[in-house]
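Here are the chains, one letter per residue:
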Amino acid sequence: MNTGVSETIKKYCIVPVVVFNSVDEVRPKLRAMCDGGLPVAEITFRTDCAAEAIKIAVEEFPEMLIGAGTVINGEQAQAAFDAGAKFIVSPGFSEEVARFCAENGLPYFGGCVTPTEIMTAIANGCRVIKFFPCSNYGGIKTMKALSAAFPSVTFLPTGGISADNLAEYLAWDKITAVGGSWMMKGTPDEIKEKCKAAVEAAKAVRG
């Protein structure tokens, strides 16, 4: 695993989940994120232009850490890797994707919500667990219960995280970072300001 990627994610402690419906959205939105002080993006494979968007992002925004999200199989993982993604995120845990990432030196954040899933993730070399959808499965309370059984893992919760509860999540030291899309809504200027606010809120908690 690329420890530099993991350290960068931990440093910013927020991973914006970005959905592009057109490649025309890529440049203005990513520029807004950078100007807002949050140069990290998990570009999701929910749309047909995801791989192309990742390629543009990697080539034209070298200051950013670009990963791929909603990756559910090896084919998508290969497409993301070929486009230049530096980390992979899945909504659930895929052993196929985990193997691909291990073979290619990519950090993999697979989604888990049960002890069995976390045990599978650990067996596949994962130590940072995406907890998704966070709010539907009990949020911090559930993660703390799981943490008691799995003290070696940390969490990247996604789903239900917002400006309103960001500080609550980041206050727990077992959370490496949070994922969310709240800062990506609106115009580029609005995205810039929301990113700034998120960065300031994170600094207030973690310094």
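The coordinates are above.
Residues numbered from 1 in each chain as written. Predicted model: local features only at pLDDT ≥ 70, side-chain atom pairs only at ≥ 80, totals over all residues. Heavy atoms only, no water.

Caption draft 1: Summary view of the nonpolar core. Grouped together as the largest cluster of nonpolar side chains are 77 residues, with contacts concentrated most on Ile14, Leu30, Met33, Ile88, Met143, Phe155 and Val178. Among all residues touching Met143, those that are not within four sequence positions of it are Phe131, Cys134, Phe155, Pro157, Tyr169, Trp172 and Ile175. (Core = buried A, V, L, I, M, F, W, Y, C linked by side-chain atoms within 4.5 Å. Buried < 20%, exposed > 50% of the residue type's maximum accessible area, 1.4 Å probe, protein only. Contact = heavy atoms within 4.5 Å.)

Caption draft 2: Fine view of unusual backbone geometry. With an omega dihedral of -10 degrees, the bond running from Phe132 to Pro133 counts as a cis peptide bond. By the element assignment, Pro133 lies in the loop between strand S6 (128-131) and helix H7 (139-149). Even without being a glycine, Cys13 presents a positive backbone phi close to 50 degrees. Examined against the element boundaries, Cys13 turns out to sit in the loop between helix H1 (3-12) and strand S1 (14-18). With a phi angle near 55 degrees, Thr70 is a residue other than glycine that sits in the positive phi range. Looking at where Thr70 falls in the secondary structure, it is placed in the loop between strand S3 (65-69) and helix H4 (74-83). (Helix = DSSP H or I, 4+ residues; strand = E, 2+ residues; numbered from the N terminus.)

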